[in-house]
Amino acid sequence: AALIRFEDVTKTYADGTVAVGGLELEVREHELLTLVGPSGSGKSTLLRMVNRLVEPTAGRVTLDGQDVMSQDPVLLRRGIGYVIQDVGLFPHRTVAQNIATVPGLLGWDRHRTQDRVRELLQLVGLDPAVHGPRYPHELSGGQRQRVGVARALAANPRVMLMDEPFGAVDPEGRRALQVEFRRIHDELGTTVLLVTHDIDEAILLGDRVAVFSQGGRLEQVDTPVRVLTR
Ligand code: ADP
Ligand code: ADP
C-alpha cells in the first residue's frame, strides 16, 4: 500500500523556476525508493515537501492519506528522519550526546537512552565504547555520516528522507556505507526516499528507482532491472 502520495504536485519558486511539475508518485510502505536525476531536476525539492520544509504551489502530498500541510510540522517531523550530505552534527557534543539529544529520546531515562544509543551505534557499524565518547571532528567523513544515519533512526521514524547521504564520503568508504545501509533497511523496514545523482547508487540501493529530468519531470519509476534495460 502507498504510505506517501504526490498528487499532481507542482513547486514553482518565487523567481518562476519550476522545480517540480505535475508530479504523480506513490511511495509504498517499507520500500526503499531512490530518486535519481541530474542536478536541478527537483529531487531535493520533492523530498523537502514531505517534511514541510517546502510548500507545494499546487497539488498535495499525503502521508497515510493525510495532507502533510494540514499536520503540525513538529509532530510530523518527529516521525520523519532526515539525513543530508553534510550531516550537521553538533560540534561540541560527543557522538553519543548527538544521538541522545534528538527530540524523540527526550524524556527517556538515562539507562534506556544509553541502551538505545549503543544499539544505534552498533547498527551503523560503530563501536559505542570507542566512537560514542568522541567528538565529530575526531571521526572520518564516513563515520560522521554513519552517526547522522544513527541519529535519524533514533526516534524510530516511519519514513527516512535522505538527500545525497553518502555524497561527501570518499569512494572506497561509500560502497561499504551503501551496503551497510541496505542491510539496515532490510532489518528495520523503514520507508526510505533516497536522493542521489549517482545512477549506480540508485540501482544498487533501490527497491524501485524514480528517474527525473530537468523541470522536475518524472521520466520513469520502476525496478532497478527495468530501469537498466530501458
Ligand atoms: P536537485 O535536488 O535535483 O538538484 P533542486 O530541488 O535542488 O534539484 O532544485 C530544482 C530547481 O529549483 C533548480 O533549478 C534550483 O535552482 C531551483 N531551486 C531550488 N531551491 C530554490 C529556491 N529556494 N529558490 C529558487 N529556486 C530554487
Ligand atoms: P550529560 O553530562 O549532559 O548527561 P553525557 O555525556 O553523560 O552528558 O551523556 C549524554 C547522553 O549520552 C546520556 O543520555 C548518556 O546516557 C548517553 N551516553 C554518553 N556516553 C555514552 C556511550 N559511550 N554510549 C552510550 N550512551 C552514551
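To be clear, the structure that these remarks concern was listed above.
Residues numbered from 1 in each chain as written. Chains lettered and ligands numbered in written order. Predicted model: local features only at pLDDT ≥ 70, side-chain atom pairs only at ≥ 80, totals over all residues. Heavy atoms only, no water.

K.L.:
Can you tell me about the site of ligand 1, naming the residues and giving the values?
P.N.:
In the vicinity of ligand 1, the contacting residues are Y13, D15, T17, A19, P38, S39, G40, S41, G42, K43, S44 and T45. A distance of 3.0 Å separates an oxygen atom of ligand 1 from a polar atom in the backbone of G42. Note that an oxygen atom of ligand 1 is positioned 2.5 Å from one of the side-chain N or O atoms of T45. For ligand 1, the protein covers 60% of the area, taking 560 Å² as the surface of the free molecule. It is helix α1 (residues 43-50) that contributes the most residues to the shell around ligand 1, 3 residues altogether. Class assignment for the residues of the shell around ligand 1 results in 3 nonpolar, 7 polar and 2 charged. (Near = heavy atom within 4 Å. Polar contact = N/O pair within 3.5 Å; in protein donor to acceptor, adjacent residues only side chain to side chain. Areas by Shrake-Rupley, 256 points an atom, 1.4 Å probe, with all protein chains shown as cover. Helix = DSSP H or I, 4+ residues; strand = E, 2+ residues; numbered from the N terminus. Nonpolar A, V, L, I, M, F, W, Y, C, P; charged D, E, K, R; others polar.)

K.L.:
Lay out the pairing of strand β10 (residues 217-222) in plain terms, naming residues and giving numbers.
P.N.:
Successive side chains on a regular strand alternate, one facing one side of the sheet and the next facing the other. Of the strand pairs in this sheet, strand β9 (residues 208-213) and β10 are connected by 5 bridges, and their pairing is antiparallel. Bridge pairing links A210 to V221 in β10. Between the end of β9 and the start of β10, which pair antiparallel, lie 3 residues, with G215 showing a positive phi angle near 80°. (Pairing = 2+ DSSP bridges.)

K.L.:
Lay out the side chain of E180 in plain terms, naming residues and giving numbers.
P.N.:
Inspection of the secondary structure puts E180 in helix α7 (residues 171-188). By relative accessible area, which is 19% here, E180 ends up buried. When neighbours within four sequence positions are excluded, E180 is seen to be in contact with L123, V124, G125 and R146. (Buried < 20%, exposed > 50% of the residue type's maximum accessible area, 1.4 Å probe, protein only. Contact = heavy atoms within 4.5 Å.)

K.L.:
An account of the sheet that holds β10 is needed here, citing residue identities and associated values.
P.N.:
The mixed open sheet is built from 6 strands, whose spatial order is β6-β7-β8-β3-β9-β10. Of all strands in the sheet, those with a lone pairing partner are β6 (80-84) and β10, marking the two edges. The sheet shows a mean angle of 15° between the axes of neighbouring strands, direction not considered. Relative to β9, strand β3 (residues 32-36) is paired through 4 bridges, and the arrangement is parallel. Opposite L33, over in β9, you have R208 as the bridge partner. (Axes fitted to C-alpha atoms, helices over the stretch in contact; angles between N-to-C directions.)

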